[in-house]
Amino acid sequence: MELMEQKKTLKKQYHDEILFTRYKGNPIITSDMWPYPINTVFNPAAAEVNGETVLLARIEDKFGISHLTVARSKDGIGDWKIDKSPSIEPEPDKHPEEELGIEDPRITWLEELKLWAITYTAYSKDGPLVSLATTKDFKTFKKLGPILRQIDKDAALFPRRINGRWAIIHRPYLNPAVPAHMWMSFSPDLKHWGDFQIIMRARKGNAWDGAKLGICPEPIETPDGWLMLYHGVRETCYGSIYRIGLALLDLDEPWKVIRRSKDWIMTPLAPYELLGDVGNVIFAGGWIYDKKKGIVRLYYGGADTCIALATAQMKDILNYIKKCPKG
Ligand code: BMA
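Residues numbered from 1 in each chain as written. Predicted model: local features only at pLDDT ≥ 70, side-chain atom pairs only at ≥ 80, totals over all residues. Heavy atoms only, no water.

Visitor: Describe the overall build of the protein chain, and please don't skip the residues or the numbers.
Guide: Scanning the protein chain from N- to C-terminus turns up three helices and 21 strands. Taken over C-alpha atoms, the radius of gyration comes to 18 Å for the protein chain, in line with the 20 Å a tight globule of 327 residues would show. In terms of its C-alpha atoms, the protein chain occupies a principal-axis envelope of roughly 50 × 45 × 45 Å. The buried share of the protein chain, taken over its 327 residues, is 57%. Taking contacts inside the protein chain between residues at least 6 apart in sequence as the whole, the part at least 24 apart equals 50%. About 14400 Å² of surface is accessible on the protein chain, with carbon and sulfur atoms providing 52% of the total. Charged side chains in the protein chain number 45 positive and 42 negative. The centres of these two groups are separated by 5 Å. (Helix = DSSP H or I, 4+ residues; strand = E, 2+ residues; numbered from the N terminus. Rg over C-alpha atoms; globule rule 2.2 N^0.38 Å. Buried < 20%, exposed > 50% of the residue type's maximum accessible area, 1.4 Å probe, protein only. Contact = heavy atoms within 4.5 Å. Areas by Shrake-Rupley, 256 points an atom, 1.4 Å probe, with all protein chains shown as cover. Lys, Arg positive; Asp, Glu negative; His and termini not counted. Charge placed at Lys NZ, Arg CZ, Asp CG, Glu CD.)

Given below as structure tokens:
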């Protein structure tokens, strides 16, 4: 059945569904679908490639090391064709920074270079770094190594240069005693990065995004500004809660946050978000904007254990964020 038809008949189940509606067949991908033995499949990045939805999923093996594997689907919902073996593996001999695994990719199409850029966490012995790989087809990949220094993760590139330079949003985590904010940096060549600056701060105290922030998928360019989905973390005596919020960045000066949602727009409520290896986690690394239908499909990890799908109308998202407080 078409996604829209399903949406029409779907009764709202969860009180957080002001914008995104969970697909009723969630989770769409689970570890038992995998062609080789794994522990969990979660936190995918997403891209639309030759009319197919490509997810680059994070797989955690039964030891605890992660790699990335491609799953393809015609409708972005089911009938996933999964690569028979890992698509991008840690290569500690060539890339010592990948010794403890590679995690949480984001994908950005770079029209100027006609390449997909994949930013991912290289988990080194001394903490996480942001690494970059490129691909034309999600069959072969070129690793370019770490682009930012330890300790940093949750990075996504903008799809085009801003004032002549590439731009990236990332999340250094320099001091665990201090909340982790979102930063932006710039590069002439995707290799040398500088002009680091904080663009959005974690809020204080018990706020849903009071402990850590991280960009979800790559920013989407809209006439109103760059649309950014981000996760906010609240630390509790019971562990962390990973929720999702929205922000709008200035089109020409994206380090300026024009609007920021005061409240979260998605919180773990479904069983597959509450229960798993790490409960209370929604971690979104991929979205696809279907311009013809005006729909955004959001792919996210549930409880570090499975992959789920939620959809929203782009016009509703923009109407919502434009009414949010100034950033
Ligand atoms: C973060 C990352 C994510 C994970 C989340 C919740 O630090 O490691 O991959 O989903 O924690 O465990």
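Resuming the write-up.
Visitor: Break down the site of the ligand for me, citing the residues and quoting the values.
Guide: Around the ligand, the neighbouring residues are Asn43, Arg58, Asp104, Lys153, Tyr242, Val278, Val281, Phe283 and Asp304. The separation between an oxygen atom of the ligand and a polar side-chain atom of asparagine 43 is 2.9 Å. At 2.6 Å from an oxygen atom of the ligand is found a side-chain nitrogen or oxygen belonging to aspartate 304. When the ligand sits alone it has 300 Å² of accessible area, and the protein chains cover 82% of it. (Near = heavy atom within 4 Å. Polar contact = N/O pair within 3.5 Å; in protein donor to acceptor, adjacent residues only side chain to side chain.)

Visitor: Give me the pattern of salt bridges: which residues, what numbers.
Guide: Applying the stated criterion across every chain yields a total of 27 salt bridges. Where lysine 125 meets glutamate 99, a salt bridge forms, and the shortest distance between an N and an O atom there is 3.9 Å. Note that lysine 125 is positioned in the loop between strand E7 (115–124) and strand E8 (127–135) and glutamate 99 in the loop between strand E5 (81–82) and strand E6 (102–110), a separation of 26 residues in sequence. When its relative accessible area of 60% is taken as the criterion, lysine 125 is described as exposed. In this structure, aspartate 154 and arginine 171 form a salt bridge, with 3.5 Å as the shortest nitrogen-oxygen distance. Of this pair, aspartate 154 sits in strand E10 (residues 152–157) while arginine 171 sits in strand E11 (residues 166–172); the two residues are 17 residues apart in sequence, bridging distant segments of the chain. Note on aspartate 154: relative accessible area 3%, which makes it buried. Ionic contacts of the salt-bridge type, sharing partners, join the residues Asp16, Glu17, Arg22 and Glu273 into one network. (Salt bridge = Lys/Arg side-chain N within 4 Å of Asp/Glu carboxyl O.)

Visitor: Residues and numbers for the side chain of glutamate 103, please.
Guide: Structurally, glutamate 103 is set in strand E6. Its relative accessible area of 8% is what places glutamate 103 among the buried residues. Engagement of the side chain of glutamate 103 in a polar contact is seen with the side chain of arginine 58, the distance being 3.2 Å. Filtering out sequence-adjacent residues up to four positions away, glutamate 103 remains in contact with Arg58, Ser66, Leu68, Tyr120, Thr121 and Tyr123.

Visitor: How would you explain the nonpolar core if you had to name every residue and give the values?
Guide: Core analysis: the biggest nonpolar cluster contains 29 residues, and Phe20, Leu227, Leu229 and Ile244 have the highest contact counts within it. For this core, the elements supplying multiple residues, two or more each, are strand E16 (225–236), strand E17 (239–249), strand E19 (282–290), strand E20 (295–302), strand E21 (306–313) and helix H3 (314–322). The contacts of leucine 227, once residues within four sequence positions are left out, are Pro219, Ile220, Thr222, Leu246, Ala247, Leu248, Trp287, Met314, Ile317, Leu318 and Ile321. Core analysis: the next-biggest nonpolar cluster, separate from the first, contains 20 residues, Phe186, Ile199, Met200 and Trp226 among them. (Core = buried A, V, L, I, M, F, W, Y, C linked by side-chain atoms within 4.5 Å.)

Visitor: Give me the sheet that holds strand E13 (residues 194–200): which residues, what numbers.
Guide: Taking strand neighbours across the sheet as the criterion, the four strands line up as E10-E11-E12-E13 in an open arrangement whose pairing is antiparallel. Of all strands in the sheet, those bounded by a partner on one side alone are E10 and E13. Neighbouring strand axes in the sheet, compared pairwise and without regard to direction, differ in orientation by 30° on average. The pairing of E10 with E11 spans four bridges and is antiparallel. Bridge pairing links leucine 157 to isoleucine 168 in E11. (Pairing = 2+ DSSP bridges. Axes fitted to C-alpha atoms, helices over the stretch in contact; angles between N-to-C directions.)

Visitor: Can you break down unusual backbone geometry residue by residue, with the values?
Guide: Asparagine 26 connects to proline 27 through a cis peptide bond whose omega is -5°. Mapping proline 27 onto the fold places it in the loop between strand E1 (21–22) and strand E2 (40–49). Omega for the peptide link from glutamine 150 to isoleucine 151 comes to -5°, which places this bond in the cis form. Mapping isoleucine 151 onto the fold places it in the loop between strand E9 (141–146) and E10. A positive phi is found at aspartate 154, a non-glycine position, where the angle reads about 50°.

Visitor: Which residues make up the pairing of strand E4 (residues 66–73), and what are the values?
Guide: On a regular strand, one side chain projects to one face of the sheet and the next to the other, so that they alternate. Among the eight residues that make up E4, eight are buried, leaving the element largely enclosed by the rest of the structure. Taking every second residue as pointing to the same face, both faces of E4 are buried, with Ser66, Leu68, Val70 and Arg72 on one and His67, Thr69, Ala71 and Ser73 on the other. Bridge analysis of strand E3 (residues 52–60) against E4 gives eight bridges, and the strand direction is antiparallel. Looking across to E4, one finds that alanine 57 is bridged to threonine 69. Counting the residues in the hairpin turn of E3 and E4 gives five residues, including glycine 64, whose phi is positive at 120°.

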